[in-house]
Each structure stands twice: as structure tokens, then as C-alpha cells.
Amino acid sequence: MKKILAIVLSVALIVAVFAGCSGKQSANSKPLVVGYSNFSSKFSPFFSETAYDQDVWTMTSVLLLDIDRQGAVIEKGKTGETRPYNGKDYKYQGLSDLTITTNDDGTVDYDFELRDDVKFSDGEKLTVDDVIFSMYVLADPTYDGSSTFFGLPIKGMEEYRSGMDTLFNLITAAGRDNKDFSKWDEETQKALWADLDQAGAKFCQEIVDYCIANGYNKEGDSVAACAANWGYELKEDATTADFFANMAEAYKGDYATLSSTETAGSSLFDLMEGYDKYTVGIETGKSADKIEGIQKTGENTLRVTLTKVDAAAIYQLGIPVAPLHYYGDKAKYDYDNNKFGFDKGDLSTVRAKTTQPMGAGPYKFIKFENGVVYFEANDGYYKGAPKTKNLQFLESQDTDKLNGVITGTIDLTDPSYSQDTVKAIKAENSNGEVTGDKITTNTVDNLGYGYLGISAKAVNVGGKIDSDESKALRKALATVFCVYRDVTVSSYYGDAAEVINYPISNTSWAAPQPTDEDYAVAFSKDVDGNDIYKEGMTDDEKSEAALKAALGFFEKAGYTVKDGKLTAAPEGAKMEYEVWIPADGSGDHPSFMMLNLASDALKKIGFKLDVKDLANSADLWTGIEADQVPMWCAAWGATPDPDMFQVYYSGIGTKNEPGGSNYMYDIADKELDELILEARTSMDQSYRKQMYKTCLDIIVDWAVEVPVYQRQNAIIYSTERVKSESVTPDITTYYNWYAEIENIELN
């Protein structure tokens, strides 16, 4: 959530550049103006960090593999592939055809055959060498972007990446008192720490400025006062340098995580003078000269070999294909002699192009100036030259997006789809609907969902996180939360969201459907497995039924129940728990009403639920990492593949590391772990769906996550200025408005 702060910080909105558009211009010479949230200028297919920066390079690039409207990979892009959706057949084209072969030894070959008619926007032909170059950038030991391509079980990947690390990582790991200068000199070490400290002070100053600018602190407040609102306790006379030192200690020197988690605007590394010179690779041991599993098999063919079946790998293999001659050095490419367009451990030529993307996509990047990204059509685009020659992405605050479409400064955008937005759109259209003569609205489910988390480590009986008693305690609370989901979601979102019953986004093919035989409403059974609710119950009757069921769970957990009230808690459990919610200190959150209604209800049976409304969302993640948060409200982002490793895998009883987010729930279930790993070893979607349904049932039984809502996103555009019939049809979560941007025309 802190990354979002970096995206939404305000800048001046400049619209005067569009005043020159007149009726004398032809429709295809006028720019299509798209309202966007703020950019960070990292328009690189390798190093972008925000979704908005990513959309910039997406306009200029092509992917090795594309996906269809349901999120499935197009495996015959070169040949062309027709797939049905919403009662219509759609033909998809892409860069390559893919053939997957599982070998007798358990390895898996991914064979790609590229089109031979694709050119980059500067006219140079795209070849398999560009693909190999792009893969080696993403696999380099010094690569520190957001791609996880290097984590794939590609044959020889580990051997290639071993024996080298960045100068930054090595020096910071060695510490400030290091005396071993066999791999770098003392002057370099001193310079790095000085540059890092200077950047850290600036980094923390941005946090201080943010706290004051947003009213969490008043003008003139000390650094310590601002740091307190950011979750850090400092001495009253502390400086921003002290603030950063305290922060670095809390993260145990993990500066990458610190930078991405704590930011109030800039990245720590963006503020660090000469950071790029510290990203150079330093040899620490032996490593392979090439990745054995990446093989050039012909003029237009490539094979990637995985050491084992990995169902999610196909999505990670769909990398952006960048031009070797632009991002790298053709003189340093010699496939037969293990040279791949740059010196291993030195991505300086790639990093140098971070703000100036180039590729074989539908548009050419021209410049980013005064809050506007300017593009021109790539007339050589292999799917056909875009019908609208000029494209502009205009930085806009969310509150200005809808008004921009109404006033004519924006043609297409994505406002927050709140009830107020819906009312405003309906008021603008003469028919009183969200699609009419002024504005057209397309809605899709957001790739993610809202939830309430419960820490098994913090909410249990007797310190046993997996006991029936501990699960019963969490089920008691979950049951009360759940009964108020409908009224809460409806009140906040109206028709723009719906209640969900499993901890998975409705956008996923693995999400259980109400028509499934074993589908169940979340936490709707009592301690004996009977239905809590009966048809025709009023809201008050449902609330009373939920409290009665909760008492049954509390009693099973070991609580003393007398005359319908809790009088004592078992050892290790409490009569009072906190739930944290990042609602800006003003109750502005989709789940805020649910918490307050649940708190009032639980009070009736002698249980106290303290709702902690955080003015600064950063405090939530700092608190969770410090094991200070028993329960919290947030939202998960999702991916096209429903792999559950990152969130729920615990590694219990094995040498495997847990998933990166498992610490939030502290769930530890051997059966769940085995199912998660087993689901990764099959490419049979129907089989995997069955496996994931069993996983979801186990997660629900642990009662560490209460699924709350699936919200919708909206794309709106001016009905008067944009030809509706030219806009990408059947937009979905996975198939965005710009999926067929080459066809969009203005009136």
C-alpha cells in the first residue's frame, strides 16, 4: 500500500497543451488523451515499478506470449488462435507459437517459433537474438527489477547466477566496519555508505513532509513526531538521519524491502547519488558462462527447458522482448561464444534507457514532459498501423478524471468506481444510465479482493495455533464479521462490488462458483455444522443468529459462557482484541462499517473488539511485520495463475522457505503445503481447480482470513469523441482497453 502513495502524490495538472485542438483537424491527427495517475518515469520493460509506468512501455513493446480475455495464454500467436468468450469467437495473434513437451526425465521443454514479420519501431527486425538478450537481462545476477523470471526452474539458471552479487549488496552485507578490501577498496566502501546515508535522510524527509502535507502532523512538528505517525519511536531531538538509521535497523539492512515498503514518494535508490555504479556485479566464486536451459534452436526458434513441471511458468515466460541493438550492445552478442549483448554483471546500458522505452509495439515513445507522455503511431506495427496517430497519457488526480472526460481534456480514463462516481456519470448522460450520449462505461472485476486477516500467532488458545480450540476462537470472530459483510459492501460500493465467500479473486478460473455442488457461504455453519441462517431472516435476526453461533465457538475454544455472555477467557486467549484498518483516520474504508457493527454486536456478549483506524496506512504493514497486529483489513492483488505458494505455504516439516506473505497469517498446515506444491506439478486446469478448492477449504477451516468483497474497476470514455465501435470489445480483467489500441478511432 505504501507503493500506492508514490503513485498518487499530487502534481500540477497541466491541460493547456490540449487547447489547440480544433475542429479543423482530422480525427486521426487529434490525440487520444488518456487520464492516468502519476508516473515515476521508470518506463522500462525491465525496471518499471508502478502499473502506470508499465502501461507506458506496454504501448511500445510486444510480449513473447499474450493472454486472452479469460487470462489463458495464447499458445498459437504466430499461427493465430480463435477462442470463444461471452458468446462470441475472437481471433488472437501474437509474437510466437509455443509447444510444450514433458520429457521422460521430468524436464519440460518450451519451444517457441517466432513470427518473421515483426520490426521494432526504428525499422530493425525482431529476431530470436532479441528474445535471448531479454532473457539474459532478467536472469543476470545483478538484476533488481520486479520480474521473477530468474526464479523459474530453468536448467542451469542457478549455476549461472551463482558466484556473483552486486557491489551494493556485498558492501551493505559486510557492514560499516568491514576491513576486508579484497573485492573493493576502502574509498568505494566509504563513498557508498555516505551516498546511502544522504539518500536515507532525503527518503525520511519525504516521509516527514508527507505526514505534514496530509494533516497527520502540523507544520513545525519534529522529525520524531512525524516518525511516530509512521510507526517509529525516536528521541525528541532526532534528525532525519537518525530516522533512517532506526529504519535500517528495523529492516536488518534489507534496503530493497525498506525502499519499497516505507516510501512516501521516491525510491531510496532513486535518491541515492550514483546508485547505478553500485549495481555492478562482483565475482564471489565460480559460475556458469551460460544458462543451459535457454537454447537457440534455429533462425526463428528457441527452447527453454525447465527441470520440473511448473504450472505457473508459462506466465513468467511471456517476457517483454526488447531490442538488443537499443538496450544492449550488438558487438557484445555472440551466442556461440556465450556473449549475450552486455557484460555479465553490468546492466548499465539497459539501465541507461530506463526513461526512454523502445520496442515493436503499436506506438513509439516520444517524450514525457509537463505531466504528459507523448506517443506517435508505429506505422510498422505487425498487427497494422494504429488508426489514431497521436496518443497522450495525461497525469491526473483521481478526483479530476471524470471531470476531465466531461470537460473534454480527457477522452478515456479509469476513475475510482465509487457510488459518487456512478451518480455523477448517470447525471451526465441524458438517459440516466452509466452508458449514454456523453459517457460510456465499461466495468470489470478488479484483479484482487478485499479481506480481513487474523494472525494465528496472535489469536489462539494456549499458544497452539493449529488446535481445534484456536480455530474455534477465530471462527467465532469470523462468524460475527461475516454477517455484516452484505450491508457494508453495499453501503460503500453499491453495485460496484459484491461479497465473496472464498479467499480468492472471482477473476480466477480456480474460484469456486455458486453453482458448484459444494459451494458454501463463508462461516455460515455453527459449531455442530448446522446452517446458522434460515431463508427469510431479517438483518436483526441474522445478527442474533450469528452471535448465538459465535457463543458456541467461544465455548468450544474454552471460554466460560454464562447467561449468554462471556465471563472468562481460556489460557493464552483474551476477552479483548484489536483490529487495525487503514481508513485514513476518518473511517474511509470498505470494511469499516463491518468492524464497527461487529464491535457493537460482540459487546452484547461481553467481548471487546477495539477498532484502530490508522491515519497512515504504512503503520499497518510495519505493525504486521513486528507481530503487533492481531487482525487487520486490507486487499490482495492477484495474478492470472492462482498459485497459493506466496501467501499460504509454510514449509512446515521441510527445508523449504515459507511463502513471502505467510508471516501475516502464520498458518502452518502440512496437508495444505503438500497440496500447494502438488498443484504446481500439473498443467491440467480442471485437476488444479479441484486441488485449490481443497486448499481453500483448509484455509477457511483455519479461519485466518475472512473474504469480504470483490470490487469492480471502470474504464470510461467520451461517447461524443471516441468511436464506440472501435474500442476493444469485451474488455476483461485480463484483456484491457488497450489490448487492441491500434483499432481505436476518434470521431
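Preceding block: the structure.
So, how was this worked out
- Residues numbered from 1 in each chain as written.
- Predicted model: local features only at pLDDT ≥ 70, side-chain atom pairs only at ≥ 80, totals over all residues.
- Heavy atoms only, no water.
- Helix = DSSP H or I, 4+ residues; strand = E, 2+ residues; numbered from the N terminus.
- Rg over C-alpha atoms; globule rule 2.2 N^0.38 Å.
- Buried < 20%, exposed > 50% of the residue type's maximum accessible area, 1.4 Å probe, protein only.
- Contact = heavy atoms within 4.5 Å.
- Areas by Shrake-Rupley, 256 points an atom, 1.4 Å probe, with all protein chains shown as cover.
- Lys, Arg positive; Asp, Glu negative; His and termini not counted.
- Charge placed at Lys NZ, Arg CZ, Asp CG, Glu CD.
- Salt bridge = Lys/Arg side-chain N within 4 Å of Asp/Glu carboxyl O.
- Pairing = 2+ DSSP bridges.
- Patch = residues over 30% accessible without salt bridge, like charges linked within 9 Å, V, L, I, M, F, W, Y side chains within 5 Å.
- Core = buried A, V, L, I, M, F, W, Y, C linked by side-chain atoms within 4.5 Å.
- Expected span 1.5 Å × (residues − 1).
- Phe/Tyr/Trp six-rings, centres within 6.5 Å; stacked < 30°, edge-to-face > 60°.
- Lys NZ or Arg CZ within 6 Å of the ring centre and 35° of its normal.
- Axes fitted to C-alpha atoms, helices over the stretch in contact; angles between N-to-C directions.
- Parallel < 35°, antiparallel > 145°, perpendicular 65-115°, else oblique.
- Left-handed = near helix turned anticlockwise from the far one by under 90°.
- Nonpolar A, V, L, I, M, F, W, Y, C, P; charged D, E, K, R; others polar.
- Disulfide = S-S within 2.5 Å.
- Arc of directions from axis to C-beta.
- Polar contact = N/O pair within 3.5 Å; in protein donor to acceptor, adjacent residues only side chain to side chain.
- Right-handed = clockwise from strand over helix to strand, strands pointing away.

Caption draft 1: Quick peek at the overall build of the chain. Helix and strand counts for the chain stand at 22 helices and 24 strands. Its C-alpha atoms give the chain a radius of gyration of 27 Å, near enough to 27 Å, the size a compact globule of 747 residues would have. Its C-alpha atoms give the chain principal-axis dimensions of about 80 × 75 × 65 Å. Taken over 747 residues, the chain has a buried fraction of 52%. Of all intrachain contacts in the chain linking residues separated by at least 6 positions in sequence, the fraction that spans at least 24 positions is 68%. If you sum the accessible surface of the chain, you get close to 32,400 Å²; carbon and sulfur atoms cover 45% of it. On the chain, the mean spot of the 72 positive side-chain charges and the mean spot of the 118 negative ones are 1 Å from each other.

Caption draft 2: Main features of the pattern of salt bridges. Per the stated rule, a full pass over the model turns up 34 salt bridges. Here Asp-68 ties to Arg-83 by a salt bridge, and the two come within 2.8 Å at their closest N and O atoms. Residue Asp-68 is located in the loop between α2 (51-60) and β2 (81-85), and its partner Arg-83 is located in strand β2; the two are separated by 15 residues in the primary sequence. Pair check on accessibility: Asp-68 and Arg-83 agree, each one buried. Several salt bridges converge on common partners, so that one network encompasses Lys-42, Glu-49 and Asp-270.

Caption draft 3: Focus on unusual backbone geometry. We note that Asp-563 has phi near 55°; this positive angle belongs to a residue other than glycine. With respect to the helices and strands, Asp-563 occurs in the loop between β19 (560-562) and β20 (565-568). Positive phi values are uncommon outside glycine, yet Asp-730 reaches one of about 50°. Structurally, Asp-730 can be placed in the segment after β24 (705-718).

Caption draft 4: Fine view of the pairing of β20. Pairing of β19 with β20 involves three bridges; the strand directions are antiparallel. By the bridge assignment for β20, Lys-562 is matched with Lys-565.

Caption draft 5: Expanded view of a negative patch on the surface. Together, Asp-486, Asp-539, Asp-540 and Glu-541 make up a negatively charged patch on the protein surface. As for its placement among the helices and strands, Asp-540 is situated in helix α17 (residues 539-557). By relative accessible area, which is 62% here, Asp-540 ends up exposed.

Caption draft 6: Broad picture of the nonpolar core. Formed by 62 residues in total, the largest nonpolar core has its most connected members in Leu-452, Leu-473, Phe-481, Phe-554, Tyr-559 and Met-631. With nine residues, the single largest contributor to this core is helix α15 (residues 468-483). The residues contacting Met-631, other than those within four sequence positions of it, are Gly-453, Ile-454, Val-459, Leu-477, Phe-481, Tyr-577, Glu-578, Val-579, Trp-580 and Leu-609. Counting residues in each nonpolar core, the second largest holds 53 residues, with Val-108, Leu-126, Ile-132 and Met-135 among its members.

Caption draft 7: Quick peek at helix α22 (residues 685-702). For α22, spanning 18 residues, the distance from its first C-alpha to its last is 26 Å, which sits close to the expected 26 Å at 1.5 Å a residue. Within the sequence span of α22, burial applies to Arg-688, Met-691, Tyr-692, Lys-693, Cys-695, Leu-696, Ile-698, Ile-699, Val-700 and Trp-702. Contacts made by the buried residues of α22 are with α15, α20 (645-648) and α21 (670-680). Once α22 ends, the next one or two residues include Ala-703, with phi positive near 55°.

Caption draft 8: Fine view of the packing of aromatic side chains. Per the stated rule, a full pass over the model turns up 44 aromatic pairs. Summarising the aromatic geometry, the rings of Tyr-136 and Phe-340 are spaced 3.7 Å apart at their centres and angled 5° between planes, so their arrangement reads as stacked. Note that Tyr-136 is positioned in helix α3 (residues 128-139) and Phe-340 in strand β11 (residues 339-340), a separation of 204 residues in sequence. Both residues of the pair, Tyr-136 and Phe-340, belong to the buried class. An aromatic cluster is present here, built from Tyr-36, Phe-39, Phe-43, Tyr-52, Tyr-363, Phe-365, Phe-368, Phe-375 and Phe-393 joined pairwise through their rings. If you follow Arg-69 out to its NZ or CZ, it ends over the ring of Tyr-90, 3.6 Å from the centre. The ring of Tyr-160 carries Lys-344 above its face, with NZ or CZ at 3.9 Å from the centroid.

Caption draft 9: Geometry of the packing of α21 against α22. At a closest axis distance of 10 Å, the pairing of α21 and α22 adopts a crossing angle of 160°. Judged by the angle between their axes, α21 and α22 are roughly antiparallel. Judged by the sense of rotation from one axis to the other, the crossing of α21 with α22 is left-handed. Between α21, through Glu-671, Leu-672, Leu-675, Ile-676, Glu-678 and Ala-679, and α22, the contact on the second element is made entirely by Tyr-687, Arg-688, Met-691, Tyr-692, Thr-694, Cys-695, Ile-698 and Ile-699. Broken down by class, the residue content of the contact of α21 with α22 amounts to 10 nonpolar, one polar and three charged.

Caption draft 10: A look at the state of the cysteines. Applying the stated rule across the entire model yields zero disulfides. No disulfide involves Cys-633; its sulfur sits 11 Å from that of Cys-482, the nearest cysteine. Here Cys-695 is not cross-linked by a disulfide; its sulfur's nearest cysteine counterpart is in Cys-482, at 20 Å.

Caption draft 11: Molecular detail of the sheet that holds strand β8 (residues 294-296). Spatial ordering of the open sheet is given by β4-β5-β9-β8, a layout of four strands whose pairing is antiparallel. In this open sheet, the two edge strands, each paired with only one partner strand, are β4 (96-102) and β8. On average, each strand axis in the sheet is tilted by 20° relative to the strand beside it, whichever way the strands run. Two elements, strand β5 (residues 108-114) and strand β9 (residues 301-306), share six bridges in a ladder whose sense is antiparallel. The partner of Tyr-110 across the bridge, within β9, is Val-304. Running at roughly 30° to β9, α3 makes contact with β5, β8 and β9 of the sheet.

Caption draft 12: Seen up close, helix α16 (residues 485-493). Among the residues of α16, those classed as buried are Arg-485, Thr-488, Val-489 and Tyr-493. The buried residues of α16 occupy an angular sector of 95° when the element is viewed end-on, so they sit on one face. Contacts from the buried residues of α16 go to α14 (419-428), α15, β18 (497-499), α18 (592-604) and β24. At the exit of α16 stands Gly-494, carrying a positive phi of roughly 65°.

Caption draft 13: Geometry of the side chain of Thr-172. Here Thr-172 shows up in helix α5 (residues 167-174). Within the structure, the side chain of Thr-172 is placed 2.8 Å from the backbone oxygen of Phe-168, a separation counted as a polar contact. In this structure, Thr-172 is in contact with Leu-192, Trp-193, Leu-196 and Tyr-255, ignoring residues within four places of it in sequence.

Caption draft 14: Seen up close, the pairing of strand β21 (residues 576-581). Relative to strand β22 (residues 608-613), β21 is paired through six bridges, and the arrangement is parallel. Its bridge partner lying in β22, Glu-576 is registered against Lys-608. Taking the sense of rotation as the criterion, the β-α-β connection linking β21, α18 and β22 turns out right-handed. In the sheet, β21 pairs with strand β23 (residues 631-637) via two bridges, with the strands oriented parallel. In the sheet register, Trp-580 faces β23, and the bridge partner there is Trp-632.

Caption draft 15: Looking closely at the environment of Phe-150. Residue position: Phe-150 is located in the loop between α3 and α4 (157-161). We classify Phe-150 as partly exposed; its relative accessible area is 28%. With sequence-adjacent residues up to four places away left out, Phe-150 is seen in contact with Leu-138, Ala-139, Tyr-143, Met-157 and Arg-161.

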